[in-house]
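# Residue-level structure breakdown
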Amino acid sequence: DAGVTQSPTHLIKTRGQHVTLRCSPISGHKSVSWYQQVLGQGPQFIFQYYEKEERGRGNFPDRFSARQFPNYSSELNVNALLLGDSALYLCASSWGLAGLDTQYFGPGTRLTVL
Amino acid sequence: DAKTTQPTSMDCAEGRAANLPCNHSTISGNEYVYWYRQIHSQGPQYIIHGLKNNETNEMASLIITEDRKSSTLILPHATLRDTAVYYCIVRAGTNAGNNRKLIWGLGTSLAVNP
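Thresholds, definitions, all that
Residues numbered from 1 in each chain as written. Chains lettered and ligands numbered in written order. Predicted model: local features only at pLDDT ≥ 70, side-chain atom pairs only at ≥ 80, totals over all residues. Heavy atoms only, no water. Helix = DSSP H or I, 4+ residues; strand = E, 2+ residues; numbered from the N terminus. Rg over C-alpha atoms; globule rule 2.2 N^0.38 Å. Buried < 20%, exposed > 50% of the residue type's maximum accessible area, 1.4 Å probe, protein only. Contact = heavy atoms within 4.5 Å. Buried area = accessible area lost by both parts, 1.4 Å probe. Salt bridge = Lys/Arg side-chain N within 4 Å of Asp/Glu carboxyl O. Polar contact = N/O pair within 3.5 Å; in protein donor to acceptor, adjacent residues only side chain to side chain. Nonpolar A, V, L, I, M, F, W, Y, C, P; charged D, E, K, R; others polar.

### Brief notes about the overall build of chain A
- Looking only at helices and strands, chain A features zero helices and 11 strands.
- Relative to its length of 114 residues, chain A is compact, with a C-alpha radius of gyration of 13 Å against a globular reference of 13 Å.
- When its C-alpha atoms are laid out on the principal axes, chain A stretches across 35 × 25 × 25 Å.
- Burial status across chain A gives 54% buried among its 114 residues.
- Of all intrachain contacts in chain A linking residues separated by at least 6 positions in sequence, the fraction that spans at least 24 positions is 54%.

Shown next as structure tokens:
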């Protein structure tokens, strides 16, 4: 079975640009979460979506937005990129919303902002 | 803030058991202990989780103390491929509020040596 997939694998942007990252969850999973991981730190929660609705938001500025599509795939958008947005962006999928539902992670998208 | 504390780094000889400790002294009755690992620059990999009983799967064993204030992840026969950062996370099993996100600390960097 396919796991969580993310695209692109790597991305290089310049300050002020916009970026869209994509995630496809494990088949049957209805929830997608996004995390940002800066080098040397643990992942930080950005968003969680379930059934196309935002169900959780971390402490990130409004430049960060996301959405979930009817097929449960998701996009993370970041506007007006800053150097500090350089990070590994991780997508995780789970069957549902319960804290007991195990989250499975994709390989991540490495974003470099120059 | 993360609700767990882990040693920053550990070493283990190949073929020996790796025992990774985690303190979660403020754990609540409905919170599970989750373990993930992250091999350099890859997405986190789910290992195991438990509530109060010891758990075992094909990857590892999880030993939770009777008072649930600490736990140990055991890799019975560590290999070089087990070299990774190991994260211990506590997470409520219910469906409410902030329980939906994983809160990560800095984890333990495990080096398996030949």
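### Quick word on unusual backbone geometry
- The omega angle of the peptide bond from Ser7 of chain A to Pro8 of chain A is -10°, so this bond is cis rather than trans.
- Considering the arrangement of structural elements, one finds Pro8 of chain A in the loop between β1 (5-7) and β2 (10-13).
- Backbone geometry at Ser41 of chain B places phi at a positive 65°, although glycine is not the residue there.
- Here Ser41 of chain B shows up in the loop between β3 (31-38) and β4 (45-50).

### Looking at the interface of chain B and chain A
- In this assembly, 23 residues from chain B lie in contact with 23 residues from chain A.
- Buried area between chain B and chain A, summed over both chains or domains, comes out near 1800 Å², and the portion from carbon and sulfur atoms is 52%.
- Where chain B packs against chain A, one counts zero salt bridges.
- In this assembly, chain B and chain A are joined by five residue pairs in polar contact (both at pLDDT 80 or more).
- Every element with two or more residues in the side of chain B that touches chain A is listed here: β3, β4 and β8 (84-92) of chain B.
- No other element matches β3 of chain B, which puts four residues into the side of chain B that touches chain A.
- A breakdown of the residues in the side of chain B that touches chain A according to their chemical character gives 10 nonpolar, 10 polar and three charged.

### Quick word on the pattern of salt bridges
Residues and elements named next belong to chain A.
- For the structure shown, the criterion picks out eight salt bridges over all chains.
- Of the charged contacts in the structure, one is a salt bridge between Arg57 and Glu54, with a shortest N-O distance of 3.2 Å.
- Take Glu54: its relative accessible area is 35%, and that puts it in the partly exposed class.
- As a salt-bridge pair, Arg63 and Asp85 come within 2.8 Å of each other at their nearest N and O atoms. Separated by 22 residues along the polypeptide, Arg63 in the loop between β6 (53-57) and β7 (64-68) and Asp85 in the loop between β8 (74-78) and β9 (87-94) bring together distant segments of the chain.
- Of the residues examined, Arg63 reaches a relative accessible area of 18% and is grouped as buried.
- According to the relative accessible area criterion, Asp85 is buried, its value standing at 4%.
- Taken together, the shared-partner salt bridges in this structure form one network comprising Arg22, Arg67 and Glu75.

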